[in-house]
Amino acid sequence: MKKIYLFIALIGLSGNIFGQQKTPVKKKEVEWLTIQEAYARTQKEPRKTIIDVYTAWCGWCKVMDRETYTNPEVIDYLNKNFYMVKLDAESKQDIIVGNTKYVFDANSGANQAAIALLQGKMSYPTTVFLDAQYNMIQPLPGYLNAKAFHEIVTYLGGDYNKKEPFEQYKIGTYKEVFKNALPKL
């Protein structure tokens, strides 16, 4: 009987020893900021900002979170080139960006920040691109899969939009510059 207890004790101890050797692997994630945090960082280190405008009830917003914002190639590019913001369009909290205060608008059921960013066209999800001075580049409504999203963020992030039309970029420059990323998208 003592041998059985000793055997069970040894198994238990060996499990603890081997269990402690496992180091948790940190999953890559987009570094999400509040709009206030992104604005403050832009003042110190200018960088373009992407704002993911969503609502809690939006199904396609959840799909984009699950499928697009978890792609390692997308994550790497976003974290290196943009400040990333998640903005709940229906947030009732005041949002202060610089000297401007945005409040919840009960008539529209949305925060004034979302209304301004979406230019009154309330559609979710909408990805809003801002330059390093917080000027609007473009709001882009709708769900985007990882590949389509990567094409767009690299086009704007690399300033290719100042050099060539998007369709030309997709079939030429993008395929050449990001050929190693394509199989992972």
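See above for the structure.
Treat the numbers as computed from the prediction; the structure is a model and nothing was measured.

This next bit is on the overall build of the protein. A tally of helices and strands in the protein yields 8 helices and 9 strands. Expressed as a percentage of its 185 residues, the buried residues of the protein come to 36%. When contacts within the protein are restricted to residue pairs at least 6 apart in sequence, long-range pairs at least 24 apart make up 59% of them. As displayed, the protein has an accessible area near 11300 Å², and 56% of this comes from carbon and sulfur atoms.

The next subject is the sheet that holds strand β3 (residues 82-88). Taken together, 5 strands build an open sheet; the order of strands is β1-β3-β2-β8-β9 and the sheet is mixed. Sheet topology places β1 (32-33) and β9 (136-141) at the edges, where each strand pairs with a single neighbour. Pairing between strand β8 (residues 126-130) and β9: 5 bridges, direction antiparallel. Counted as the bridge partner of Thr127 is Leu140 from β9. Running over the sheet, helix α4 (residues 72-81) touches β2 (48-54) and β3 and is turned about 105 degrees from β3.

A separate point is the pattern of salt bridges. Going through the model one piece at a time under the given rule, you end up with 12 salt bridges. For Glu31, the salt bridge identified is with Arg41, shortest N-O distance 2.8 Å. Residue Glu31 is found in the loop between α1 (2-21) and β1, and its partner Arg41 is found in helix α2 (residues 35-44); the two are separated by 10 residues along the sequence. Judged by its relative accessible area of 40%, Glu31 is partly exposed. Salt-bridge contacts for Asp159 lead to Lys162; the nearest nitrogen and oxygen are separated by 3.8 Å. Residue classification places Lys162 among the exposed residues on the basis of a relative accessible area of 67%.

The rules behind the values
Throughout this document, residue positions are counted from 1 along each chain, in the order its sequence is written. Given that the model is predicted, a residue must reach a pLDDT of at least 70 before its local features are reported, and side-chain atom pairs must reach 80 or more before they are shown or counted; all residues, however, enter totals for whole chains, interfaces and linings. With hydrogens and water stripped out, all remaining heavy atoms of the structure feed into the side-chain values. In this text, helices come from DSSP runs of H or I with a minimum length of four residues, and strands from runs of E with a minimum of two, each type numbered from the N-terminal end. Exposure is judged per residue with a 1.4 Å probe applied to protein chains only, and the accessible area is read against the type maximum: over 50% gives exposed, under 20% gives buried, and values in between give partly exposed. Should any heavy atoms of two residues lie within 4.5 Å, those residues are considered in contact. Surface exposure here means Shrake-Rupley accessible area, sampled with a 1.4 Å probe, where a residue is shielded only by the protein chains that are shown. By definition, two strands form a pair when at least two bridges between them are found by DSSP. Fitted lines through C-alpha atoms serve as axes, helices being fitted only where they are in contact, and the angles separating the N-to-C directions of these axes extend from 0 to 180 degrees. Just to be clear on terms, a salt bridge is a Lys or Arg side-chain nitrogen sitting within 4 Å of an Asp or Glu carboxyl oxygen.

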